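Listed here are the chains, written in short residue letters.
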Amino acid sequence: MPVDPVAELAIDLEQPIVYVLKTASISDLLTLELCCAKLALPSPFSPLIINHTAQPRVICLDKPASLARRTRSATPYLAEFNQLLNAQQHSTTPIQLVPVSLFWGRAPGREGDAASSLSITRSRSPNALRKALIVLLKGRENRVRFSAPLLLPELTERSATDPKLAHKLARIARIHFSRQRLAATGPKLPNRELLLTQLLQTHGVIQAIAEHSEQQQQDIALSRRKAQAYMNEIASNFSYPLIRFGDRLLGWLWHKLYRGLSVTGAERVRQLAQDGHELVYLPCHRSHMDYLLLSYVIYHQGMVPPHIAAGINLNFFPAGPLFRRGGAFFIRRTFKDNKLYATVFREYLNLLFQRGYAVEYFAEGGRSRSGRLLPAKPGMLSMTLEAAMHHNTRPITLIPVYLGYEHVMEVASYHKELQGGSKQKENAWQLFGIVRKLRNFGRGFVNFGEPLPLADWLSSKADASSSARELTPTLAREVMTRINAAAAVNGLTLSATALLTSDRQALTRQQLQQQIQLYLDYLRLCPYSDQVIIPTQDSKQLLEQAMELGKFELETSSLGEIIHLNRRQSVLLSYYRNNILHLFALPALITTLIERHEGIVTSELLRRLQRVYPLLKAELFLNVPIEALPEQLNTQLATLTQLGLIQFNQQGWWVAPQQQLQLLLLARIIRPSLQRYSVVVACLANTEPPALAAPEASNSEPAPEASSRQQLQTRSQQLAEHLAMLHGIQAPELFDKTLFNMLANALEDAGYGQNSHTEQDELEQLRLALYPLLPSAVRRSLNGEWS
């Protein structure tokens, strides 16, 4: 680790390299030699000559005790450090010290366990006999971790006259190796019974038990047993042997399911773990596979698998007990009216944070049925923020994670649910169904996004006195924006995006390749963020990879090959298109405006863009701030001009005639969103304006605001379904209740829907901005039936 340390750690092969190890061990050195041979790094046994003088290639800090003596003999590391420092002072060639940590087994042990045979494998400087046993027992768990090189010239410039510089180097190295071990093994696993006892004794739980007893008018012992039952329902029972077994099983499973896994951005997460940060992983949620995939990747990247918040629906036999031993702790879908449960859960989460265990939860609260990100649920984010503000001594850092697949096994059931079907309850037969369907599902993608240290984020907030609950909505939007900024693009998502915007969902092979290449060129010229993963292959190779997945129809005519989608494929592939929809939303909106208003000047283009963009930004968690839109518009126009899609003449913007088809396909990407906005605006403009904000608390009778909002959602869905049937619109997300709720929130934030003349005028301006962007048939329907 990492897979390519020379590139990822910026190791210069042209400059002298000295390896620094924790312990002098022939098995460690032989293992390091094997790794160096694969990576084209110098062997630890190769000579190192600087200024015509032999220098040590390897420096070891400890020497294990011999079999005859218990005491350890000293190693000459101080003399070797001094020798290198002296050589550096007489040389212009920078010497690189590369720390290398070797782990033989990563079992952290368990709290309260007495010493056992496992202590042999956890010995820090084992003698020859113990090391032989370690290699025999844990040889297949070996991990070699290279760290970023320390350049001696930088050190000697800062402390050239310090006589204890070698001692400082040794101390830095010892601290480094200690942190590396903690990052790789983590703290000792919790003793479940001991942890539950401590949880029962926390001030918050004691107070909640007393209040529950008083409210229910029952003996406090009954309330305490109720709290204990909640604890047993929630708490995980982490088992390292199960993690090892799962590692082997999942390795076999991924080999059967996927062509490979692409992992990006893990190095900076490893560095955060080494620096002592409390890591909270926040992945997007596409599939039930997400739980297994992310834990597998984290473990293989040399870090500790996290404790995972799993829905209580997954606590069924036999999966529930296995998940619990794999680190899952279970959470109910809602518990806002159950204060005792909420307190127990919050205190349990605080204990995990305080003890340094990594945590993972899905901020969306459930799997996305449409393929796009859902708004984050505030509950666990608020608890995490509260822990960072009041309870935790270690810095808490959120790690956004983008998970992507070239095939999601549940996508067909998602479509049924969007059409109104009931959600299939999880059970053991689904597990057997997965095994029965084993085949190659393309590639999987795990991309660790830009970390979000909560201490830094809180210090950047203007109002430091705000509560965790008040800050949570802002934090939620930031997290989802960072997940989207780490998207992974692949051949299937690009092909689906192109085909779904074409007439009759069909293109010739040449047209499809050209459109895929256009998307690739755009992403490279105007990158959405530096975390987005763009394929290195060309459009021809990406299309071939997508065709291998069997999701397209191929027909051959006398004039060439035609690739098209049948009705079912069109619906299902919209899921994959939506995975990367946000990457093209802004250029699609700009090209739509230019295509519908040819000759439009830049100032008018910006005005119309500013009218619609806030809705897009809220729905797709776009990363361009509204105030930065003028600058971003200039960048987008320059890129689209460079790609030959638009041209500027006669003081306005026009579609370039030679690239008209490619521009139309790009512009149509955003059409389903514009149609949905127009539907809601049409319903809003033809009813008594409802207040869009949902009430904070629920009562026995629904509040008028909630009722009005529900009416708006129902009317909007009815109109959307009518338009879909009338005009053959095949976009499942057009019926998604969650998206209508998101749109209602966005309209509220933008100031629409209030009962005043000013807001009504604004709503009319939004309608006038949206309607010209729709297909003429859809526009006529809206005007004819809802005017």
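Residue positions within a chain follow its written sequence, with the count starting from 1. The predicted nature of this model means local features are confined to residues of pLDDT at least 70 and side-chain atom pairs, given and counted, to a pLDDT of 80 or more, with totals for whole chains, interfaces and linings taken over all residues. Values reported for side chains reflect all heavy atoms of the structure, with hydrogen atoms and water molecules removed beforehand.

**Structural notes on the overall build of the chain**
- Secondary structure summary: the chain contains 33 helices and 20 strands in total.
- When the 787 residues of the chain are sorted by exposure, 54% land in the buried category.
- The criterion used for residue contact is that any of the two residues' heavy atoms lie within 4.5 Å. Looking at the chain alone, contacts between residues at least 24 apart form 76% of all its contacts between residues at least 6 apart.
- As displayed, the chain has an accessible area near 35,500 Å², and 53% of this comes from carbon and sulfur atoms. In this description a helix means any DSSP run of H or I spanning at least four residues, a strand means any run of E spanning at least two, and both kinds are numbered starting from the N terminus. Working definition: with a 1.4 Å probe on protein chains only, accessible area under 20% of the residue-type maximum means buried, over 50% means exposed, and in between means partly exposed. To measure how exposed things are, a 1.4 Å probe is used in the Shrake-Rupley method; for residues, cover is taken only from the protein chains shown.

**Some points on the packing of aromatic side chains**
- The aromatic pairing rule takes the rings of Phe, Tyr and Trp, using the six-membered ring of Trp, and pairs them if the centres are within 6.5 Å, calling planes under 30 degrees apart stacked, those over 60 edge-to-face and the rest tilted. This model, assessed by the stated rule, comprises 13 aromatic pairs.
- Ring geometry for Tyr 522 and Phe 584: centres 6.0 Å apart, planes at 40°, overall tilted. With Tyr 522 in helix H22 (residues 509-525) and Phe 584 in helix H25 (residues 581-596), this pair connects stretches of sequence that are 62 residues apart.
- Chaining the aromatic ring pairs together yields one cluster made of Tyr 230, Phe 329, Tyr 341, Phe 345 and Tyr 348.
- Lying across the ring of Tyr 771, Arg 767 places its NZ or CZ 4.9 Å from the centre. Geometrically, a lysine NZ or arginine CZ counts as sitting over a ring once it is within 6 Å of the ring centre and also within 35 degrees of the ring normal.

**Side note on helix H2 (residues 26-39)**
- Between the first and last C-alpha of H2 there are 20 Å, a value that for 14 residues agrees with the 20 Å anticipated at 1.5 Å per step.
- Among all positions in H2, only Ser 27, Asp 28, Leu 29, Thr 31, Leu 32 and Cys 36 are buried.
- Residues of H2 that are buried make contact with strand E1 (17-23), strand E4 (58-62), strand E5 (96-104), helix H5 (128-138) and strand E6 (142-146).
- Remark: Ala 40 follows H2 within two positions and exhibits a positive phi of approximately 60°. To estimate the expected span of a helix, count its residues, drop one, and scale the result by 1.5 Å.

**Points about the sheet that holds strand E17 (residues 553-557)**
- Here, a strand pair is defined by DSSP locating no fewer than two bridges between the strands. If you walk across this open sheet you meet the three strands as E16-E18-E17, and the pairing is antiparallel. At either margin of the open sheet sits one strand with a lone partner, and together these are strand E16 (506-508) and E17. In this sheet, adjacent strand axes meet at a mean angle of 25° when their direction is disregarded.
- In this structure, E16 lies alongside strand E18 (residues 560-564), joined through three bridges in antiparallel fashion. Bridge pairing in E18 places Leu 507 opposite Ile 563. In this analysis, axes come from line fits to C-alpha atoms, helices being fitted only over the stretch in contact, and the angle between any two N-to-C directions falls in the range 0 to 180 degrees.

**A word on the pairing of strand E9 (residues 278-283)**
- For E9, a buried count of six out of six residues is recorded, marking the element as mostly surrounded by other parts of the structure.
- In E9, alternate side chains face the same way, and those of Glu 278, Val 280 and Leu 282 on one face and Leu 279, Tyr 281 and Pro 283 on the other are all buried.
- The sheet contact formed by E9 and strand E13 (residues 396-405) spans six bridges and is parallel. Bridge pairing in E13 places Val 280 opposite Leu 398.

**Some points on the pairing of strand E11 (residues 328-331)**
- Where burial is concerned, the two faces of E11 agree: the one with Ala 328 and Phe 330 and the one with Phe 329 and Ile 331 are both buried.
- Pairing analysis gives four bridges linking strand E10 (residues 307-311) to E11, with the strands arranged parallel. Each residue of the ladder has a partner; that of Ala 310, found in E11, is Phe 330.
- Handedness of the crossover is the feature at issue here: the chain leaves E10, passes through helix H14 (residues 319-325), returns alongside E11, and the resulting connection is right-handed. Crossover handedness is defined here as right-handed if the route from the first strand over the helix to the second strand goes clockwise, with the strands pointing away from the viewer.

**A few points about the environment of Tyr 522**
- Accessibility expressed as a relative area gives 6% for Tyr 522, which makes it buried.
- For Tyr 522 and Leu 583, which are 61 residues apart along the polypeptide, the C-alpha to C-alpha distance reads 9.9 Å.
- Aside from chain neighbours lying at most four places away, what touches Tyr 522 is Leu 583, Phe 584, Pro 587, Gln 636, Thr 639 and Leu 643.

**Here's the deal with helix H20 (residues 468-484)**
- Its 17 residues give H20 an end-to-end C-alpha distance of 24 Å, which sits within 8% of 24 Å, the value for a rise of 1.5 Å per residue.
- Across the chain, bend at a residue is computed as the angle between axes fitted to the seven residues ending at that point and the seven starting from it. Bending of H20 peaks at approximately 30° at the position of Thr 474.
- Three or more residues of H20 are buried, namely Ala 468, Leu 471, Thr 472, Leu 475, Ala 476, Val 479, Met 480, Thr 481, Arg 482, Ile 483 and Asn 484.

**Some remarks on the packing of helix H26 (residues 602-620) against helix H27 (residues 629-642)**
- Across the interface, H26 lies against H27 with an axial gap of 11 Å and an inter-helix angle of 115°. For the crossing formed where H26 meets H27, the hand is right-handed. Contact residues: Thr 602, Leu 605, Leu 606, Leu 609, Gln 610 and Tyr 613 in H26; Leu 629, Pro 630, Leu 633, Asn 634 and Leu 637 in H27. In this scheme the handedness of a crossing depends on how the near helix is turned from the far one: anticlockwise by less than a right angle means left-handed, clockwise means right-handed.

**Topic: the state of the cysteines**
- Criterion for a disulfide: a pair of cysteine sulfur atoms at a distance within 2.5 Å. In total, this model carries zero disulfides according to the counting rule given.
- As a non-bridged cysteine, Cys 35 has Cys 36 as the owner of its nearest cysteine sulfur, 6.8 Å distant.

**Some thoughts on the nonpolar core**
- Within the largest apolar cluster, 184 residues are counted, with the highest numbers of intra-cluster contacts made by Tyr 281, Phe 329, Leu 398, Phe 448 and Phe 584.
- To form a nonpolar core, buried Ala, Val, Leu, Ile, Met, Phe, Trp, Tyr and Cys residues must be joined to one another through side-chain atoms within 4.5 Å. Residues Leu 48, Phe 81, Leu 97 and Leu 165 belong to the second largest nonpolar core, which totals 21 residues.

**Considerations on a nonpolar patch on the surface**
- Patch definition: residues above 30% relative accessible area lacking any salt bridge, with like charges linked at up to 9 Å and the nonpolar side chains Val, Leu, Ile, Met, Phe, Trp and Tyr linked at up to 5 Å. Any carboxyl oxygen of Asp or Glu within 4 Å of a side-chain nitrogen of Lys or Arg constitutes a salt bridge here. Taken together, the side chains of Leu 129, Leu 133, Leu 136 and Leu 137 present a nonpolar region at the surface, about 430 Å² in accessible area.
- Mapping Leu 136 onto the fold places it in helix H5.
- On the accessibility criterion, Leu 136 (67% relative accessible area) is exposed.

**Describing the environment of Val 359**
- Note that Val 359 resides in strand E12 (residues 359-360).
- Each C-alpha atom, one on Val 359 and one on Leu 398, is 9.6 Å from the other, the two residues being 39 residues apart in sequence.
- With residues up to four places along the chain from it excluded, the contact list for Val 359 reads Glu 278, Leu 279, Val 280, Tyr 281, Pro 306, His 307, Phe 329, Leu 349, Leu 352 and Phe 353.

**A closer look at unusual backbone geometry**
- Cis geometry is found at the peptide bond from Met 1 to Pro 2, where omega equals -10°.
- Looking at the secondary structure, you find Pro 2 in the segment before helix H1 (5-8).
- Despite not being glycine, Ala 10 has its phi angle at roughly 55°, a positive value.
- Topologically, Ala 10 is positioned in the loop between H1 and E1.

**Quick word on the pattern of salt bridges**
- According to the stated counting rule, one finds 22 salt bridges in the structure shown.
- Its salt-bridge partner being Asp 247, residue Arg 244 comes within 3.3 Å of it at the nearest N-O pair. Of this pair, Arg 244 and Asp 247 both sit in helix H11 (residues 240-257), three residues apart, roughly one helical turn.
- Using a relative accessible area of 9% as the deciding quantity, one classes Arg 244 as buried.
- Here Arg 767 ties to Glu 764 by a salt bridge, and the two come within 2.8 Å at their closest N and O atoms. Of the two residues, Arg 767 and Glu 764 are both situated in helix H32 (residues 757-770); the distance of three residues between them amounts to about one turn of the helix.
- With relative accessibility at 31%, the residue Glu 764 sits in the partly exposed group.
- A single salt-bridge network, built from bridges that share partners, covers Lys 22, Asp 62 and Arg 174.

**Notes on the environment of Glu 111**
- Note that Glu 111 resides in the loop between E5 and helix H4 (118-121).
- In the structure, Glu 111 is positioned 81 residues away from Arg 192 in sequence and 9.1 Å away in space, judged by C-alpha atoms.
- With residues near it in sequence (within four places) discarded, Glu 111 still touches Lys 188, Leu 189, Pro 190, Asn 191, Leu 194, Arg 355 and Tyr 357.

Everything listed here is a matter of coordinates, which is why it stays silent on function.
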